[in-house]
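# Close look at the chain arrangement
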Amino acid sequence: MKDMLVQVEPLIPALRRYARALLRDRAAADDLVQDCLERAVSHWHQRRDGSVRAWLFSILHNLAVTQFRKATARGRHMPIDDAGERELVSAAAQEQRLIYQDVLKKLERLPEEQRAVLLLVAVEDLSYADAAGVLKIPVGTVMSRLSRARERLLQEVEGVAPGNVVALRGVK
Amino acid sequence: MNRRPITEDDLHAYVDQALEPERRAEVASYLDDHQDVAARVAAFATQREQLRGAFAPIVEEPLPAELNLSHIIESRRRSPMRAWWAIAAMLLLGIGGLGGWTMRSALQEGSNGLSALAQEAAYSYGVYAPDRVRPVEIRASESAELTRWVSNRLKQPVKVPDLSVSGYRLMGGRLVATSHGPAAMFMYDDDHGDRLVVLTRPMSNRNLDTPMMPQSTGDVAGFVWADGGMGYTLVGQLPGDTLKPIANEIRKQTRPI
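The rules behind each value
Counting from 1, residues in each chain are numbered in the order their sequence is written. Chains and ligands are labelled sequentially in the order written, the chains with letters from A and the ligands with numbers from 1. Given that this is a predicted model, residues contribute local features only at a pLDDT of at least 70 and side-chain atom pairs are listed and counted only at 80 or more, while totals for whole chains, interfaces and linings are drawn from all residues. Helix and strand assignments follow DSSP, with helices taken as H or I runs no shorter than four residues and strands as E runs no shorter than two, numbered in order from the N terminus. Exposed residues have 12 or fewer other C-beta atoms within 10 Å of their own C-beta, buried residues have 20 or more, and partly exposed residues fall in between, where C-beta atoms are placed from the backbone. Contact between two residues is assigned when their C-beta atoms, built from the backbone, lie within 7 Å. Each residue gets one label: Ala, Val, Leu, Ile, Met, Phe, Trp, Tyr, Cys and Pro are nonpolar, Asp, Glu, Lys and Arg are charged, and the others, such as Gly, are polar. The nonpolar core is taken to be a set of buried Ala, Val, Leu, Ile, Met, Phe, Trp, Tyr and Cys residues joined by way of C-beta atoms within 7 Å. Between the first and last residue of a helix there are one fewer steps than residues, each counted as 1.5 Å, and that sum is the expected span. When DSSP locates at least two bridges between a pair of strands, those strands are taken to pair. Interaxial angles span 0 to 180 degrees and are taken between N-to-C directions of axes, which are lines fitted to C-alpha atoms, for helices over the stretch in contact. Every residue gets a pLDDT, meaning the predictor's confidence in that residue, from 0 to 100. Working rule for angles: under 35 degrees goes down as roughly parallel, over 145 as roughly antiparallel, 65 to 115 as roughly perpendicular, anything else as oblique.

### Comments concerning the overall build of chain A
The secondary structure content of chain A amounts to ten helices and zero strands. Traced from its N-terminal end to its C-terminal end, chain A shows the element sequence α-α-α-α-α-α-α-α-α-α. Residue burial in chain A is summarised as follows: out of 172 residues, 34% are buried.

What follows is the structure, encoded as structure tokens:
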């Protein structure tokens, strides 16, 4: 258990960051991380060799997906108010604030699966192979989603309503 | 020397600093010669920095108390006690959602032990089926692991019934404690979210074969039977005539050949 504490505890801030980026709601994200940690504690002896970081992100990601599915089944949407966003960027310097707000807005418009790849790779520093493991997809799919996510973020025109984006880019 | 062509994957790996030094140098020299591609790669890199910057404040926040890992480990150690308290409370209340079964029958094993098994299934249903957070310990996605675990603990090869023909998906399962040792519990649900519980464990009489018996306790109903010394029970909050064909299906699948 000591061993677990040493290996897992330093990763909790990153888990919170990923959960918050996915759910965009502080309380919901922390609930998810708590659930993830409880699972990690009870399944610690079952984990395979390999990166503890990737293992924890797998647990967290699965929980998030389950929650998304439940929310969709109930016909409810995850909160998309920008309170979380404002809270996030308030710590930044004034001139950075608008830039951060803008990139978060664009990120929000990405399809869920592209957003997850981009966050795991670009923000959480998972290797492509680890990201593939977390998302249970081949590495090739990680690369193509990453590429699409990045291209799409570049092309996002500021102020375009999400509805229009779907109409413009819906055909693939 | 023939150089390997630069791929889109290389460009992303360049941005993510995931290339071997040698390959990184090759990509860098390619970018020197291709300003348009270099501009796109630079934009990706800027984007990456912006994303990291935007999310950076979160990791600086002090962790909320409920994410204190030492506390989670500590409460996990105590949790078996909590489960026992829940069972004790149910026994004392005697009724709860489970009605029908009295203390007397709880303490009295029937002539062949099936009534005890039926009771255990109803307790498990009462505790785990309403649980929206963690009804099962091992999920269906790890059903091989689940089978291995419960077979080891029951010292019997246990087969997880497949109820998809009846419209029920396996959610997963767990080991549950009974006064006759460990039992394997499997939970299923359908598209309406209706949940079924199958509970199985070895009977004291290792040769016991019985017909299928209906059972019901309040709004939890089902069937119980034994095959080759293994007891089985299916319970749910559905009418008996709906459960009967499902119980038959389970019996067909689990029956020793």
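Past the structure itself, the notes keep going.
### Regarding the overall build of chain B
The helix and strand inventory of chain B stands at eight helices and seven strands. Looking at the 257 residues of chain B, the share that counts as buried comes to 31%.

### Here we look at the interface of chain B and chain A
Note on interface size: it is often stated as the accessible area lost on association of the parts. At the interface, 27 residues of chain B touch 39 residues of chain A. With 13 residues, helix α3 (residues 35–60) of chain B is the single largest residue contributor to the side of chain B that touches chain A. When its residues are assigned to classes, the side of chain B that touches chain A shows 15 nonpolar, five polar and seven charged.

### Regarding the nonpolar core
Core analysis: the biggest nonpolar cluster contains 49 residues, and Ala19, Leu60, Val117 and Ala131 of chain A have the highest contact counts within it. When residues of this core are traced back to their parent elements, those giving at least two are α2 (12–23), α3 (26–42), α4 (52–73), α6 (94–108), α7 (112–123), α8 (128–135) and α9 (139–155) of chain A together with α3 of chain B. Of the residues forming this core, the biggest block, eight residues, is contributed by α7 of chain A. Beyond its immediate sequence surroundings of up to four residues, Leu60 of chain A is in contact with Leu15, Tyr18, Ala19, Leu32, Val33 and Cys36 of chain A. Counting residues in each nonpolar core, the second largest holds 44 residues, with Ile138, Val150, Leu196 and Phe223 of chain B among its members.

### Observations concerning helix α7 (residues 143–154) of chain B
Helix length check: α7 of chain B (twelve residues) gives 16 Å between terminal C-alpha atoms against 16 Å at 1.5 Å per residue, within 8%. Backbone geometry just after α7 of chain B places Lys155 of chain B at a positive phi near 55°.

### Digging into the sheet that holds strand β1 (residues 138–139) of chain B
Residues and elements named next belong to chain B. Here we have seven strands laid out as an open sheet, ordered β1-β2-β3-β4-β7-β6-β5, and antiparallel in their pairing. Edge positions in the open sheet fall to β1 and β5 (213–217), since each of these has one partner strand only. In this sheet, strand β7 (residues 230–236) lies alongside strand β4 (residues 195–202) in antiparallel orientation, the contact comprising seven bridges. Within β7, the position partnered with Pro202 by the bridge is Met230. This element, α7, spans β1, β2 (169–178), β3 (181–189) and β4 of the sheet and lies at about 25° to β2.

### Focus on the pairing of β5 of chain B
All names here are of chain B. In the sheet, β5 pairs with strand β6 (residues 220–227) via five bridges, with the strands oriented antiparallel. Looking at the pairing, Thr217 lines up with Val220 of β6. Linking β5 to β6, which pair antiparallel, is a turn of two residues; within it Gly218 sits at a positive phi near 60°.

### Let's talk about the confidence of the model for chain A
Residue and element names in this part refer to chain A. When pLDDT is averaged along chain A, the result is 82; 78% of the residues meet or exceed 70. In the predicted structure, residues 76–82 sits below a pLDDT of 50 and forms ten contacts with residues beyond four places in sequence or in another chain. Under a pLDDT of 50 for its full length, residues 158–172 has, in the predicted model, four contacts with residues more than four places off or in other chains.

### Quick notes on the packing of α6 of chain A against α3 of chain B
At a minimum axis separation of 9 Å, α6 of chain A and α3 of chain B run at an interaxial angle of 100°. As summarised for this structure, α6 of chain A and α3 of chain B are arranged roughly perpendicular, according to the angle between their axes. Contacts between α6 of chain A and α3 of chain B involve Gln96, Ile99, Tyr100, Val103, Leu104 and Leu107 of chain A from the first element and Gln47, Gln50, Leu51, Gly53 and Ala54 of chain B from the second. Looking at side-chain class alone, the contact of α6 of chain A with α3 of chain B contains seven nonpolar, four polar and no charged residues.

### Regarding the environment of Val33 of chain A
Residues and elements named next belong to chain A. Relative to the helices and strands, Val33 resides in helix α3. Taking the number of C-beta atoms within 10 Å as the measure of exposure, Val33 has 27 and is therefore buried. Measuring from C-alpha to C-alpha, the distance between Val33 and Leu56 comes to 9.6 Å, with 23 residues separating the pair along the chain.

### Things to note about the environment of Val37 of chain B
For Val37 of chain B, the location among the structural elements is in helix α3. Between the C-alpha atom of Val37 of chain B and that of Leu11 of chain B, which follows or precedes it by 26 residues, the distance is 8.9 Å.

### Digging into unusual backbone geometry
For Asp125 of chain A, which is not a glycine, the phi torsion comes out positive at approximately 60°. Along the chain, Asp125 of chain A turns up in the loop between α7 and α8. At Lys155 of chain B, a position not held by glycine, the phi torsion is positive, near 55°. Following the sequence through the fold, Lys155 of chain B ends up in the loop between α7 and β2.

### Some points on the pairing of β4 of chain B
Residue and element names in this part refer to chain B. With eight of eight residues buried, β4 lies mostly within the body of the structure. Every second residue of β4 is oriented toward a common face, with Arg195, Val197, Leu199 and Arg201 on one face and Leu196, Val198, Thr200 and Pro202 on the other, all of them buried. Direction of pairing for β3 relative to β4: antiparallel, over a ladder of six bridges. Looking at β4, one finds that Ala184 is bridged to Thr200. Between β3 and β4, which pair antiparallel in sequence order, lie five residues; one of them, Gly193, sits at a positive phi of approximately 85°.

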